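Here is what each chain is made of, one letter per residue.
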Protein chains: 2
Amino acid sequence: MQLHELETPCLILDRRRLEKNLATMRQQAQRLGVRLRPHGKTAKNIDIVRMALGSRPEGITVSTLKEARYYFENGITDILYAVGIAPVKLKRAAALIKDGADLTLILDTPEQARCVAAAGRSEGVAFPVLIEIDCDNHRAGVTPEDPLLLAIGRLLGAEPGAALRGVMTHAGASYGSRSAEEIRSFARRERDAVVRCAERLRAAGLPCPVVSVGSTPTARFADDLSGVTEARPGVYMSHDLVMAGLGVCGTDDIALSVLASVIGRQTKKGWLIVDAGWTALSRDRGTAAQALDQGYGLVCGIDGRSVGDLIVADTNQEHGIIAHRQGAPPDFDAFPIGSAVRILPNHACATAAMHDRYFVVDGDTAVAAVWPRINGW
Amino acid sequence: MQLHELETPCLILDRRRLEKNLATMRQQAQRLGVRLRPHGKTAKNIDIVRMALGSRPEGITVSTLKEARYYFENGITDILYAVGIAPVKLKRAAALIKDGADLTLILDTPEQARCVAAAGRSEGVAFPVLIEIDCDNHRAGVTPEDPLLLAIGRLLGAEPGAALRGVMTHAGASYGSRSAEEIRSFARRERDAVVRCAERLRAAGLPCPVVSVGSTPTARFADDLSGVTEARPGVYMSHDLVMAGLGVCGTDDIALSVLASVIGRQTKKGWLIVDAGWTALSRDRGTAAQALDQGYGLVCGIDGRSVGDLIVADTNQEHGIIAHRQGAPPDFDAFPIGSAVRILPNHACATAAMHDRYFVVDGDTAVAAVWPRINGW
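Presented here is an overview of the structure given in this document. All chains use their own residue numbering, which begins from 1 and follows the written sequence. By the order in which they are written, chains take letters starting at A while ligands take numbers starting at 1. Totals for whole chains, interfaces and linings use every residue, but because this is a predicted model, local features are given only for residues with pLDDT of at least 70 and side-chain atom pairs only at 80 or more, for both listing and counting. Note that water and hydrogens are dropped before the side-chain values are worked out from all heavy atoms of the structure.

1. As for the environment of B:Pro329
All names here are of chain B. Going by this rule: By the criteria applied, helices consist of DSSP H or I runs no shorter than four residues and strands consist of E runs no shorter than two, each listed in order from the N terminus. Exposure categories follow from relative accessible area, calculated using a 1.4 Å probe and restricted to protein chains: below 20% of the type maximum is buried, above 50% is exposed, and the middle band is partly exposed.
Within the element layout of this structure, Pro 329 appears in the loop between β14 (320–324) and β15 (340–344). Note on Pro 329: relative accessible area 58%, which makes it exposed. Between the C-alpha atom of Pro 329 and that of Val 116, which follows or precedes it by 213 residues, the distance is 59 Å.

This is the structure in structure tokens:
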């Protein structure tokens, strides 16, 4: 089957670009001397994650327990669930461990530590736990010098239902960087924060075998991860326009696109209308604050190559409005009614989250496979 | 089962509020003397749409052929697919008609009219078609005085594979209104545009039994729909913060919310962290341009009542950051780790699109039913 035969909108994954991105990050992790624990939250698919792991039997990161269950049932046992644990989810987490998963939780409050320990005791498991560290004032975590770090560490160490395994951080603020040097400084902040916390825990006699950092930009530009044991990038697998805007990849590296059909033209307004709205592209406007605003996505031909400065300027539920970045009219003759375009996403995680499957191509327009995605919780 | 026992995040539908909203719109349609053809794109669920239709065996509107198939297999035959038809979808549309659906398509180009007629001929069906009219310069459609209107009408009239059934418009620009009077003027523009087009088609000897308008704001504030035969509001079923900001409903009318657990607190930043990120709330920022910016949603207690000025100030994939609108610290003691909140959505269609089911309550916190949602295409 060829792309032009597919019903639109749908999600296209270019396996050739994917493979290149995966190899680049594996080499980078090797160069930095850290284990790569890829984040499965962008891919939400076992075929992609298996390729990311390559031949190594190493672990992964997930963003939901549904992903954890799915990857576990597909043969991956070492799984870090990298969202602060909600007490209501502990029963399900315990079930995974009882079934044989080596599932690690994260948390950043004494209350969570007590809940986890209590649930572990009543479920008969010892939940491995990383303490979440705030390295960039961006979201969650305890700051490196906070007395809570040791308080939480001691709570976890004192209870049979939990086992302190280390520390983790995520420099989400690195996504707002304006240069490679700025991203590199975020990578240092990630490293310095968790290495300092590991030192504090160890000095207090507490174990800290895992020292985990992670984001695609920092993993790409880090120059020295001494003291860090693992990195957890995720979006590098497919990349996206936000990563391209950060200089982490080129637009030609982006492996994900949404196939759409032209369903109208508004010649006076200079618009093409396509059948990919926000249900297909998401409402993510991650490039809005970057130097080059890509609207809701950059328009390519059905071959996946950019056609210049056409972007999706606006979206409704099932409509996308394509316009020229500078307001020039599109070449309407090049996009007749019924013709197909491919739209590169701002944010791969968000766009992919709107789809339940990938149509896989190998650098051309022939559909080589269809792979499922595990959305939801 | 009670709400506090549900795993978070998940989507909650308050049936009591829903019923009130449905009754209000039915009365409004009756008062205006138009048939109500509710849009099933927000609900994506047969239970809700059946309630919206009440006892009348009337038709509905849909935004995807997947919805059309789903509603048809649940007993609704009269279905308007209100997105400009893509040629690649005609085979599937024909299959619905051959199975017994009275499925109407829309289009706004001669190319589509030719494709539809040709596909109808080869599939052995006559596709009923409405011509889409642009009443507000907002998205798609031919303008009321455009010569294309009659050209398309004649193409549809001349072919056995298609049958002109009328005209339709949607004043999407009404969502940007600043007053009830402005919305009322959009309702007049909707009416005037389609009534004028119906006159032109009839004067040319072409049939135009259906004269269709639709949006929740215009349906709510219209004062006179003379010449219009039907209205197609959708989001009125649950309402949302955008509708509340427009004065179309109150926040106490919003029937949809996302249940989330508190998983962290950042006392220095004045933040609560919950496990509802953009995968649960969507990236929609529909209130950003309104007088009251609700962030990614307004925070309520587990009973569904607003707790003041707490909003979701930012979202990541699985994290929501709750902060006070004016920067005051939240009452952290009122929201301990593990406690649940309900978050009212900016845009019900977008938030609901992130979920595959509704947990239904009747004004309280007891789960009375679980209803599926039909996302995707």
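2. Focus on the side chain of B:Ser282
All names here are of chain B. To be explicit about the condition: Pairs of N or O atoms within 3.5 Å make up the polar contacts considered here, provided that, within protein, one atom can donate a hydrogen while the other can accept it, and that residues adjacent in sequence are counted only when both atoms are side-chain atoms. Contact definition: two residues touch when any of their heavy atoms are within 4.5 Å.
Within the fold, Ser 282 resides in the loop between α10 (278–281) and β12 (298–300). Looking at Ser 282, its side chain comes within polar contact range of the main-chain nitrogen of Asp 284, at 2.9 Å. When sequence neighbours within four positions are dropped, the list of residues in contact with Ser 282 reads Gly 277, Tyr 296, Ala 350, Thr 351 and Met 354.

3. Observations concerning the relation of the copies chain A and chain B
Rule in force here: A least-squares fit on C-alpha atoms brings the copies together, and the residues used are those whose pLDDT is at least 70 in both copies.
The operation relating chain A to chain B is a screw motion whose rotation component is 180°, with 0.0 Å of axial translation and a residual RMSD of 0.0 Å. The operation mapping one copy onto its partner corresponds to a two-fold rotation axis. Minimal C-alpha separation from the rotation axis in chain A is found for A:Arg283, amounting to 2.5 Å.

4. Thoughts on the sheet that holds strand β5 (residues 102–107) of chain A
All names here are of chain A. For clarity, the cut-off: By definition, two strands form a pair when at least two bridges between them are found by DSSP.
Spatially, β2-β9-β8-β7-β6-β5-β4-β3 is the arrangement adopted by the eight strands of the open sheet, whose pairing is parallel. In the strand order of this sheet, the two ends are held by β2 (35–36) and β3 (60–62), each with one partner. Relative to strand β9 (residues 230–231), strand β8 (residues 210–213) runs parallel, the two being bridged by two bridges. Each bridged residue has a counterpart across the sheet, and for Val 213 the counterpart in β9 is Ala 231.

5. Things to note about the nonpolar core
The cut-off we apply is this: Here, the term nonpolar core denotes a set of buried Ala, Val, Leu, Ile, Met, Phe, Trp, Tyr and Cys residues that are joined through side-chain atoms within 4.5 Å.
Formed by 126 residues in total, the largest nonpolar core has its most connected members in A:Leu103, A:Phe127, A:Ile131, A:Val167 and A:Tyr358. Per element, the largest residue contribution to this core is nine residues, and it comes from helix α7 (residues 180–203) of chain A. Non-local contacts of A:Phe127, meaning those with residues more than four positions away in its chain, are made with A:Leu90, A:Ala93, A:Ala94, A:Ile97, A:Leu105, A:Val116, A:Ala119, A:Gly120, A:Gly161, A:Ala162 and A:Ala163. Counting residues in each nonpolar core, the second largest holds 125 residues, with B:Ala193, B:Phe221, B:Ala280 and B:Ala348 among its members.

6. Here we look at the pattern of salt bridges
Residue and element names in this part refer to chain A. How we decide: The salt bridge definition used is simple: a Lys or Arg side-chain nitrogen within 4 Å of an Asp or Glu carboxyl oxygen.
Evaluated as defined, the whole model comprises 58 salt bridges over all chains. With a closest N to O distance of 2.7 Å, Asp 253 and Lys 20 form a salt bridge. You can see Asp 253 sitting in the loop between α9 (241–245) and β10 (256–266) and its partner Lys 20 sitting in helix α1 (residues 15–32), a full 233 residues away along the chain. In this structure, Glu 159 and Arg 121 form a salt bridge, with 2.6 Å as the shortest nitrogen-oxygen distance. Pair noted here: Glu 159 is in the loop between α6 (148–157) and β7 (162–169) and Arg 121 is in helix α5 (residues 110–123), with a separation of 38 residues, a long-range link. Here the residues in one salt-bridge network are Arg 35, Arg 37, Asp 78 and Glu 230, joined through shared partners.

7. Thoughts on the interface of chain A and chain B
Frequently, the measure chosen for interface size is the accessible area removed from exposure when the parts meet. Quick reminder of the rule: By buried area we mean how much accessible surface two parts lose on assembly, using a 1.4 Å probe and totalling the loss over both. Ten residue types, Ala, Val, Leu, Ile, Met, Phe, Trp, Tyr, Cys and Pro, are classed as nonpolar, four, Asp, Glu, Lys and Arg, as charged, and the remainder, Gly among them, as polar.
On the chain B side, the residues contacting the 57 residues of chain A number 57 residues. Of the roughly 4600 Å² buried between chain A and chain B on both sides combined, carbon and sulfur atoms contribute 54%. Interface area lost by chain A to chain B is led by A:Glu7, A:Arg139 and A:Trp377, which between them contribute 16%. Summed over the shared surface of chain A and chain B, the result is 26 residue pairs in polar contact (both at pLDDT 80 or more). Those elements giving two or more residues to the side of chain A that touches chain B turn out to be α5, β10, β11 (271–274), α10 (278–281) and α11 (348–352) of chain A. Per-element tally for the side of chain A that touches chain B: the top contributor is β10(A), with five residues. Across the side of chain A that touches chain B, the residue classes tally to 21 nonpolar, 20 polar and 16 charged.

8. As for the state of the cysteines
All names here are of chain B. What counts here: Counting rule for disulfides: a pair of cysteine sulfur atoms within 2.5 Å.
Inspection of the entire model under this criterion finds zero disulfides over all chains. Free cysteine: Cys 249, not disulfide-bonded; nearest cysteine sulfur from Cys 300 at 12 Å. What makes Cys 249 buried here is its relative accessible area of 11%. Lacking any disulfide linkage, Cys 349 is separated from the closest cysteine sulfur, that of Cys 249, by 13 Å.

9. Observations concerning the pairing of β14(B)
One face of the sheet, then the other: side chains in a regular strand alternate in exactly this way. All names here are of chain B. Counting buried residues in β14 gives four out of five residues, a clear majority hidden from the surface. Both strand β11 (residues 271–274) and β14 contribute to a ladder of three bridges, which runs antiparallel. Within the sheet, the bridge partner assigned to Leu 272 lies in β14 and is Ile 322. Bridge analysis of strand β13 (residues 306–315) against β14 gives five bridges, and the strand direction is antiparallel. The residue bridging Ile 311 from the neighbouring strand is Ala 323, located in β14. The loop that links β13 with its antiparallel partner β14 comprises four residues.

10. Description of helix α4 (residues 90–98) of chain B
Residues and elements named next belong to chain B. This is how the line gets drawn: By construction, the arc corresponds to the directions joining the helix axis to the C-beta atoms.
Those residues of α4 not exposed but buried are Leu 90, Ala 93, Ala 94, Leu 96 and Ile 97. One face of α4 carries all of its buried residues, which in axial projection span an arc of 155°. Among the exposed residues of α4, those oriented more than 90 degrees off its buried face are Lys 91 and Lys 98. Structurally, α4 contributes buried residues whose contacts are with α3 (65–73), β5 (102–107), α5 (110–123) and β6 (127–133).

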